[in-house]
Amino acid sequence: MNSPLQTEHLWMPFTANRQFKEKPRLLSKAEGMYYQSSDGRQILDGTAGLWCVNAGHNHPKIVAAIQQQAATMDFAPTFQMGHPLAFEAATKLAEITPTGMDRVFFCNDGSEGVDTALKIALAYHRIRGEAGRFRLIGRERGYHGVGFGGISVGGIAGNRKQFGPGLSGIDHLPHPLDITRNAFSKGLPVHGEELAGILETRLLALHDPTTVAAVIVEPIQGSTGVIIPPKDYLRRLRDICSKHGILLIFDEVITGFGRLGTAFGADYFDVIPDMIICAKGLTNAAVPMGAVVVNTAIYDSFMASSPKDSIELFHGYTYSAHPLACAAAIATLEVYQEEQLFERAAQIAPYFEAAAHQLRDLPHVRDIRNLGLVCGIELSPQAGKTTTRAFDIFEKCFWEKDLLIRTTGDIIALSPPLIINHAQIEQLFSKLAEAIREHA
Ligand code: PLP
C-alpha cells in the first residue's frame, strides 16, 4: 500500500494551503482531453491545465522530442554561446507571428516575459535618446504575472497589496467589463470602445505623452474572469499609441497559440502591437518557456545603438532557450500546424459558444461571455461571501462531476484544449450546468 501523502512541506502557489491540505485535489496522469485523479477518475479538462495545454495532454510527438533532447544535450549556455535548437525555435515562432514581428527573446514563463518586455520598452526609448519615457500603463484587472514589473502594471489589488508600492511611474486604464450594457454578449461586446479613449483624454493628458514608454494589455483579460475587449477597442488603443510614439505590448500568454482560432489575438483583432509576450501554449506547457516577440525596428534600434562587440541588451536568464524547452516548442509548433489546431478551434468555436449560452437561465448566472475557445460565466456572489459560490461549484465539479474548471472571484473560466470535440463540449457544459443547479 502507498504511504499517505505528506503535504506539510510544500508551500503551494496561489492556493489556500490549509484548506487544500485538509482534502487535497490531486492529479496524477494525463492524456488528450483528460486528467486522471489520484483516486483513479478520468477528469475532463475544461481549462487546458492553466490555459496552456492547447494541443491536449501528453502529445506523443512533444513527449518524444523532449525525451530525445534530454538524452542528447541537457543544457547549453546561451550567453555568448548558442545551440541550433534555440535558433530553430525562434525561426519557427517567427513564422506564425504577425508580419514584421520576427525577433524573439526567450525566457521561462509569462512573468519573465512581461518583465522582459517592459525592460525592452524602457531601454528602447533610452537608446534612442528618449530617456524621459519612463512611464508604463497597464489596466485595471490586468494580470501580467507575478514579477515586480508584472504586479505593478497589473491591476489586481490582491496580487499587489502584500508587497509594497512596486514600480513607480505606473498608471492604469479602466477595464472594459460592463455587464450593465454588455451582459450575455456573444463574441465582441458592442459597447465600450470609448474606454480606450481614456488613454488619451485622461492618462496622457495628465502625464504628458512624452513621458510614457509603453501600454501593456491582454487582448482578452483571462485571469480576472474573461474580459473581452469591446468592438474596435484595441484598434483605438493602437491608434493612440502610434500617434504618441508609445509602444503597445500585447500580453498574449493566454490568447497566443490558437485560443481565439488564430495564431495570436493580434491576428484575431487585426491589430498589430510592437511586442507580443507569449508562454504557456508555446511548448504546450510540457516544459516551461516564454518569449517576447518584437518588431524588426525595435531589434534593429538596439543593434544600431552600440559597437558590434558590445552587448546590446543587459538582460537574460540562465535558462533562456533551454534545449528541452526549445525541443518542446519546435515539436509543439509543428503539431499546431500539422493538426491545424488553430483552424480547428475557429471551426468549433460557434458550437462552444452556443453550448455556453445554454446556461444563461441557470440560478445566479449574471453574465456569459465568450470568444474562440474561452468562456467566462459570472455568478452573483453569495451574500457577504464573495468567491465562495464559484469555488463550491469548482469543488463539486472536481469531486462529483469529474470535471476541471477554473474560478476567479465569482467567475467560472473555461478554456479547454483546442482538440475538444462536440461530445466533450456537450459533456463539459452539461456537467457544469448540473453543478450550478445542484449548488443553488
Ligand atoms: N500574463 C498573462 C496574461 C497570464 O495569464 C499569465 C498567467 O496566467 C502570466 C502573464 C504569467 O505567466 P506565468 O504564470 O507563466 O509566469
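Residues numbered from 1 in each chain as written. Predicted model: local features only at pLDDT ≥ 70, side-chain atom pairs only at ≥ 80, totals over all residues.

## Quick word on the nonpolar core
Most often, soluble globular proteins keep nonpolar side chains buried together rather than apart. In plain terms, the rule: Here a nonpolar core is just a set of buried residues of the types Ala, Val, Leu, Ile, Met, Phe, Trp, Tyr and Cys, joined wherever their C-beta atoms sit within 7 Å. Remark: C-beta atoms are placed from the backbone, and a residue is labelled buried if 20 or more other C-beta atoms sit within 10 Å of its own, exposed if 12 or fewer do, or partly exposed between those counts. A run of H or I in DSSP counts as a helix once it spans at least four residues, and a run of E counts as a strand once it spans at least two, with each numbered from the N terminus. Just so you know, the domain bounds were taken from an automatic or database domain assignment. A pair of residues counts as a contact when their C-beta atoms, built from backbone coordinates, are within 7 Å of each other.
Counting 127 residues, the largest nonpolar core has V215, I249, A291 and A328 as its most contacted members. Of all the elements, helix α13 (residues 323-338) adds the most residues to this core, at 11 residues. Each of two domains, domain 1 (17-55 + 340-439) and domain 2 (65-338), supplies a minimum of three residues to this core. Setting aside anything within four residues of it in sequence, one finds A291 in contact with L93, V104, F105, F106, C107, G113, C278 and L282.

## Topic: the site of the ligand
Spelled out, the test is: We count a residue as near a molecule or strand when its backbone-placed C-beta atom lies within 6 Å of that partner.
Taken together, 14 residues are adjacent to the ligand, and D109, G110, S111, G145 and V253 come closest. Among the elements that take part in the shell around the ligand, helix α5 (residues 110-127) stands out by supplying three residues, more than any other.

## Brief notes about the domain arrangement of the chain
Partitioning the chain into domains gives domain 1 (17-55 + 340-439) and domain 2 (65-338). Averaged C-alpha coordinates put domain 1 and domain 2 at centres separated by 26 Å. Domain 1 puts 32 residues into the contact, and the matching count from domain 2 is 28 residues. At seven residues, helix α14 (residues 341-357) tops the list of elements feeding residues into the side of domain 1 that touches domain 2.

## With respect to the packing of helix α9 (residues 194-207) against helix α10 (residues 233-244)
Threshold: Axis definition: a line fitted to C-alpha atoms, limited for helices to the stretch in contact. Angles are taken between N-to-C directions and run from 0 to 180 degrees. For classification, angles of less than 35 degrees are called roughly parallel, those exceeding 145 degrees roughly antiparallel, those between 65 and 115 degrees roughly perpendicular, and all remaining angles oblique. The residue classification treats Ala, Val, Leu, Ile, Met, Phe, Trp, Tyr, Cys and Pro as nonpolar and Asp, Glu, Lys and Arg as charged. All others, Gly included, are polar.
In the contact formed by α9 and α10, the axes pass within 7 Å of each other and the chain directions differ by 30 degrees. Considering their axes alone, α9 and α10 lie roughly parallel with respect to each other. Together, L195, A196, G197, L199, E200 and L204 of α9 and Y233, R236, L237, I240 and H244 of α10 make up the contact between the two elements. Here the residues of the contact of α9 with α10 are counted per class, giving seven nonpolar, two polar and two charged.

## Quick look at helix α4 (residues 84-96)
Formally: Each residue after the first adds 1.5 Å to the expected span of a helix. This arc is taken over the directions from the axis of the helix to the C-beta atoms.
End to end, α4 covers 19 Å across 13 residues, agreeing with the expected 18 Å (1.5 Å per residue, within 8%). All buried positions along α4 are accounted for by L85, A86, A89, A90 and L93. Here the buried residues of α4 occupy an arc of 135 degrees about the axis, which is enough to place them on one side. Exposed residues pointing more than 90 degrees away from the buried face of α4 are listed as P84 and E95. At its buried positions, α4 is contacted by β4 (101-107), β10 (290-295) and α13.

## Remarks on the pairing of strand β8 (residues 247-251)
For clarity, the threshold we go by: Crossover handedness is defined here as right-handed if the route from the first strand over the helix to the second strand goes clockwise, with the strands pointing away from the viewer. What makes two strands pair is DSSP finding at least two bridges between them.
The element β8 is largely enclosed, with a buried count of five among its five residues. Here β8 shows two buried faces, one formed by L247, I249 and D251 and the other by L248 and F250. The parallel pair strand β7 (residues 212-217) and β8 is bridged by α10, and the resulting crossover is right-handed. In the sheet, β8 pairs with strand β9 (residues 275-278) via three bridges, with the strands oriented parallel. Pairing of I249 across the sheet is with M275, part of β9.

## Let's talk about the sheet that holds β4
Taking strand neighbours across the sheet as the criterion, the seven strands line up as β4-β10-β9-β8-β7-β5-β6 in an open arrangement whose pairing is mixed. Every interior strand has two partners, whereas the edge strands, β4 and β6 (170-173), have only one. Pairwise comparison of adjacent strand axes, ignoring direction, gives a mean angle of 20 degrees for this sheet. One ladder, built from six bridges, connects β4 with β10; its direction is antiparallel.

## So, the sheet that holds strand β14 (residues 406-408)
Across the sheet, which stays open at both edges, the four strands sit in the order β11-β12-β15-β14 with antiparallel pairing between neighbours. Lying at the two open borders of the sheet, with one neighbouring strand each, are β11 (365-371) and β14. Strand-to-strand, the axes of this sheet are offset by a mean angle of 20 degrees, without reference to chain direction. Here β11 pairs with strand β12 (residues 374-379) via six bridges, running antiparallel. By the bridge assignment, L371 is partnered in β12 with V374. Across the sheet, α14 lies against β11 and β12, angled at about 180 degrees from β11, the strand it touches most.

## Structural notes on the pairing of strand β1 (residues 27-31)
Of the pairings in the sheet, the one linking β1 to strand β2 (residues 34-37) comprises four bridges and is antiparallel in character. Among the inter-strand pairings, K29 is bridged to a residue of β2, identified as Q36. Hairpin connection of β1 to β2: two residues between the antiparallel strands, including G32 at a positive phi of 60 degrees.

## Some thoughts on the environment of E438
Structurally, the position occupied by E438 is in helix α16 (residues 422-439). When the C-alpha positions of E438 and R25 are compared, they lie 21 Å apart, and in sequence the two are 413 residues distant.

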